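Residue-level structural notes
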Amino acid sequence: MGESITDGTLSTFLKKPGDKVAVDEPIAQIETDKVTIDVVSPEAGVIKKFVSQEGDTVTPGSKVALISKSDSSDTHVAPSEEKSGQEVSSPAAKETVDQIETETKEKSKVTYPPPKSSAFEPQLPPKERETRVPMPRLRKRIAARLKDSQNTFAMLTTFNEVDMTNLMALRSEYKDAFFEKHGTKLGLMSGFIKAAVSGLQNQPIVNAVIDGEDIIYREYIDISIAVGTPKGLVVPVLRDADKMNFAEIEKNINTLAKRASGGTISIDEMAGGTFTISNGGVYGSLLSTPIINPPQSAILGMHSIVSKPTVVGGIVVPRPMMYVALTYDHRLIDGREAVYFLRRIKDVVEDPRRLLLDL
């Protein structure tokens, strides 16, 4: 499961007893605090029975299923470390196996206690047309991290408005040539990531973090990209974003987004990160105050692009505008640095030529 994961919840069986399985074919899925992991069959055969049940908490080495090899009558426990050649033949041996399976089930069962009532949250009687289900582990983890963020950081949000005209014109003019050369589409996210990298280089305190009574300045820039999936929000990390060009950023973003949406992203690909970008605009959000992703110190929120009347050179003209928000830890970052950082985002997005001239 990974070094940082000690247990998980057996969420779904992908096979049924009697089904044939091949080597390394997924037979079940385990939901951890961060990702969903496939349980694969260690050998080919037929599933005799499931030892664990959906909803059970399992740890590395837990027995999940009994698999019979297709070329023999031996029964093997997967994915345990069973000795090769061992057979369950005698009644005494079978009773021992049944006893072990029963003990494993009892140890791995999860009991969901009824919700606690309080003076502020009266317990309502159950109603018709309501369904109570256990909260998934990923949602529990998200809830805990967000609440810890609120309890730990002195969060403050500053806003600005960005004219997207030049960045959108740049994409429109070069999208075909960009795709022909690099094999990937040119999006707006790469422009914001390059702008964020420039802002973090100009204001290193935004890329820093508080550790006890010390401040740790990171000399690397790993950008976390918030991706919404059907199972919840995951945040894969774009490592060394300051060393990437537009094409490398777009390719890595597409790869991470596909893996996150498909549930195949690994824990290592979500570990770390020094700054987060969240794009609520893809869902139609006009304005929001994003919550810091611990243990980082700031997060940038992007929003919808809306055509608005804007004064340009004393004349009112329609322009594609976007609100941007920076939520930051006020214990570490003063308003001056936060405003300068967000202003740098605005300047670079509105005039991408600044990146070329380092202005």
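Residues numbered from 1 in each chain as written. Predicted model: local features only at pLDDT ≥ 70, side-chain atom pairs only at ≥ 80, totals over all residues. Heavy atoms only, no water.

In the nomenclature of an unreviewed UniProt entry, the protein corresponds to dihydrolipoyllysine-residue succinyltransferase from the organism Platanthera guangdongensis. The Pathway (unreviewed entry) comment attached to the protein in UniProt states, word for word, "Amino-acid degradation; L-lysine degradation via saccharopine pathway; glutaryl-CoA from L-lysine: step 6/6." The UniProt entry for the protein carries the following comment under Cofactor (unreviewed entry): "(R)-lipoate". (UniProt positions renumbered as here; feature names shortened; annotations may be inferred.)

1. Things to note about helix H3 (residues 165–182)
Here H3 contains 18 residues, and its C-alpha end-to-end distance of 24 Å stays within 8% of the 26 Å for a straight helix at 1.5 Å per residue. By the largest-angle criterion, tyrosine 174 marks the main kink of H3, which is about 55°. Glycine 183 lies just past H3 and shows a positive phi near 75°. (Helix = DSSP H or I, 4+ residues; strand = E, 2+ residues; numbered from the N terminus. Expected span 1.5 Å × (residues − 1). Bend = angle between axes of the 7 residues up to and from the residue.)

2. Things to note about the sheet that holds strand S3 (residues 26–31)
With respect to topology, four strands assemble into an open sheet ordered S4-S3-S1-S6, the strand pairing being antiparallel. In this open sheet, the two edge strands, each paired with only one partner strand, are strand S4 (36–40) and strand S6 (57–58). Two strands pair when backbone bridges link them, and S3 and S4 are joined in this way by five bridges, in the antiparallel orientation. Residue proline 26 lies in a different strand from S4, and its bridge partner there is valine 40. (Pairing = 2+ DSSP bridges.)

3. Description of the pattern of salt bridges
Where side chains of opposite charge bring their charged atoms close, a pairing between them can arise. All told, the structure shown has ten salt bridges when counted by the stated rule. Note that lysine 346 is salt-bridged to glutamate 350, the shortest N-O span being 2.7 Å. With lysine 346 and glutamate 350 both in helix H6 (residues 335–350) and four residues apart, this pair spans about one turn of that helix. Residue aspartate 351 is joined to arginine 353 by a salt bridge in which the shortest nitrogen-to-oxygen separation is 2.9 Å. The class for aspartate 351 is partly exposed, based on a relative accessible area of 21%. (Salt bridge = Lys/Arg side-chain N within 4 Å of Asp/Glu carboxyl O. Buried < 20%, exposed > 50% of the residue type's maximum accessible area, 1.4 Å probe, protein only.)

4. A few points about the packing of helix H4 (residues 189–202) against helix H5 (residues 246–262)
Two measures define how a pair of helices packs: the angle their axes make with one another and the distance between the axes. Relative to each other, H4 and H5 sit at 115°, their axes nearing to 9 Å. Judged by the sense of rotation from one axis to the other, the crossing of H4 with H5 is right-handed. From H4, Met189, Ser190, Gly191, Ile193 and Lys194 reach across to H5, where they touch Phe246, Ile249, Glu250 and Ile253. Of the residues that constitute the contact of H4 with H5, the class distribution is five nonpolar, two polar and two charged. (Axes fitted to C-alpha atoms, helices over the stretch in contact; angles between N-to-C directions. Left-handed = near helix turned anticlockwise from the far one by under 90°. Contact = heavy atoms within 4.5 Å. Nonpolar A, V, L, I, M, F, W, Y, C, P; charged D, E, K, R; others polar.)

5. A few points about the packing of H4 against H6
The contact between H4 and H6 brings their axes to 8 Å, and the two run at 140°. Here H6 runs oblique to H4, going by the angle between their axes. At the point where H4 passes H6, the crossing takes the right-handed sense. Of the residues in H6, those touching H4 at Phe192, Ala195, Ala196, Ser198, Gly199, Leu200 and Asn202 are Phe341, Arg344, Ile345, Val348 and Val349. Class assignment of the residues belonging to the contact of H4 with H6 gives a composition of eight nonpolar, three polar and one charged. (Parallel < 35°, antiparallel > 145°, perpendicular 65-115°, else oblique.)

6. Topic: the side chain of serine 198
One can find serine 198 in helix H4. Taking the relative accessible area as the measure of exposure, serine 198 reaches 7% and is therefore buried. If we skip the residues at most four places from it in the chain, serine 198 touches Arg344, Val348 and Leu355.

7. Digging into the environment of aspartate 334
Summarising the element assignment, aspartate 334 is placed in the loop between strand S19 (315–329) and H6. For the pair aspartate 334 and leucine 156, spaced 178 residues apart in sequence, the C-alpha to C-alpha distance is 9.8 Å.

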